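Given next are the chains, with one letter for each unit.
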Amino acid sequence: RQARNAFCCVRPPGHHAGRDGLIEGASSCGFCIFNSVAVAALHALVMHRSVRRVAIVDIDVHHGNGTQDILSRIPAEEWPIDEATGRAKDVFFASV
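Since the model is a prediction, treat every value here as computed from it, not as a measurement. (Residues numbered from 1 in each chain as written. Predicted model: local features only at pLDDT ≥ 70, side-chain atom pairs only at ≥ 80, totals over all residues. Heavy atoms only, no water.)

Peer 1: Can you break down the overall build of the protein residue by residue, with the values?
Peer 2: Within the protein one finds two helices and two strands. Listing each helix as α and each strand as β along the protein from the N terminus yields α-β-α-β. Here the C-alpha radius of gyration of the protein, 14 Å, is about what a compact globule of 96 residues would show, namely 12 Å. Dimensions of the protein, computed from C-alpha atoms along their principal axes, come out at roughly 45 × 30 × 20 Å. Residues counted as buried form 32% of the 96 residues belonging to the protein. Considering only contacts within the protein whose residues lie at least 6 apart along the sequence, 64% involve residues at least 24 apart. Of the roughly 7300 Å² of accessible surface on the protein, 56% is carried by carbon and sulfur atoms. On the protein, the mean spot of the 10 positive side-chain charges and the mean spot of the 10 negative ones are 12 Å from each other. (Helix = DSSP H or I, 4+ residues; strand = E, 2+ residues; numbered from the N terminus. Rg over C-alpha atoms; globule rule 2.2 N^0.38 Å. Buried < 20%, exposed > 50% of the residue type's maximum accessible area, 1.4 Å probe, protein only. Contact = heavy atoms within 4.5 Å. Areas by Shrake-Rupley, 256 points an atom, 1.4 Å probe, with all protein chains shown as cover. Lys, Arg positive; Asp, Glu negative; His and termini not counted. Charge placed at Lys NZ, Arg CZ, Asp CG, Glu CD.)

Next up, the structure:
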């Protein structure tokens, strides 16, 4: 049986690792080498046809600049498409 919804609480999210590692202009990347939360979200959207939306809520004392960097650099023509609707799949990102 397939699940309709999923919730993943992951640590560490790697939220300071950008597409090319250290974010330009950032003074630190923390200990983040891989942005596991962005990789997992994009993997779910690309590899699992039934996944149409992903929400990333980054609760930390500072902004998840790497996750924002990765998601904002994906060109519109490369964004995962929902085959059922023909529309782009959704990712919600909030860093609080």
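Peer 1: Describe in detail the pattern of salt bridges, supporting the description with residues and values.
Peer 2: Under the counting rule described, the total for this entry stands at five salt bridges. Of the charged contacts, one joins E83 and R49 as a salt bridge, the two residues approaching to 2.4 Å between their closest N and O atoms. Of the two residues, E83 sits in the loop between α2 (65-72) and β2 (90-95) while R49 sits in the loop between α1 (36-47) and β1 (53-58), which places them 34 residues apart along the sequence. The exposure classification of E83 matches that of R49, with both residues exposed. Between R73 and D69 there is a salt bridge, with the nearest N and O atoms lying 2.7 Å from each other. (Salt bridge = Lys/Arg side-chain N within 4 Å of Asp/Glu carboxyl O.)

Peer 1: I'd like a rundown of the side chain of D58, residues and numbers included.
Peer 2: Position of D58 among the secondary structure elements: in strand β1. Comment: no salt bridge for buried D58; closest opposite-charge side chain is R11, at 5.5 Å. In terms of polar contacts, D58 uses its side chain to reach the side chain of H15, at 2.5 Å. Excluding its chain neighbours within four sequence positions, the residues that come into contact with D58 are H15, G64, F93, A94, S95 and V96. (Polar contact = N/O pair within 3.5 Å; in protein donor to acceptor, adjacent residues only side chain to side chain.)

Peer 1: Just give me the short version of α1, but keep the residues and values in it.
Peer 2: The terminal C-alpha atoms of α1, which comprises 12 residues, lie 16 Å apart, in line with the 16 Å expected from a rise of 1.5 Å per residue. For α1, the set of buried residues is V37, A38, A41, L42, A44 and L45. The buried residues of α1 occupy an angular sector of 155° when the element is viewed end-on, so they sit on one face. Every exposed residue of α1 that faces more than 90 degrees away from the buried side is listed here: V39, V46 and M47. (Expected span 1.5 Å × (residues − 1). Arc of directions from axis to C-beta.)

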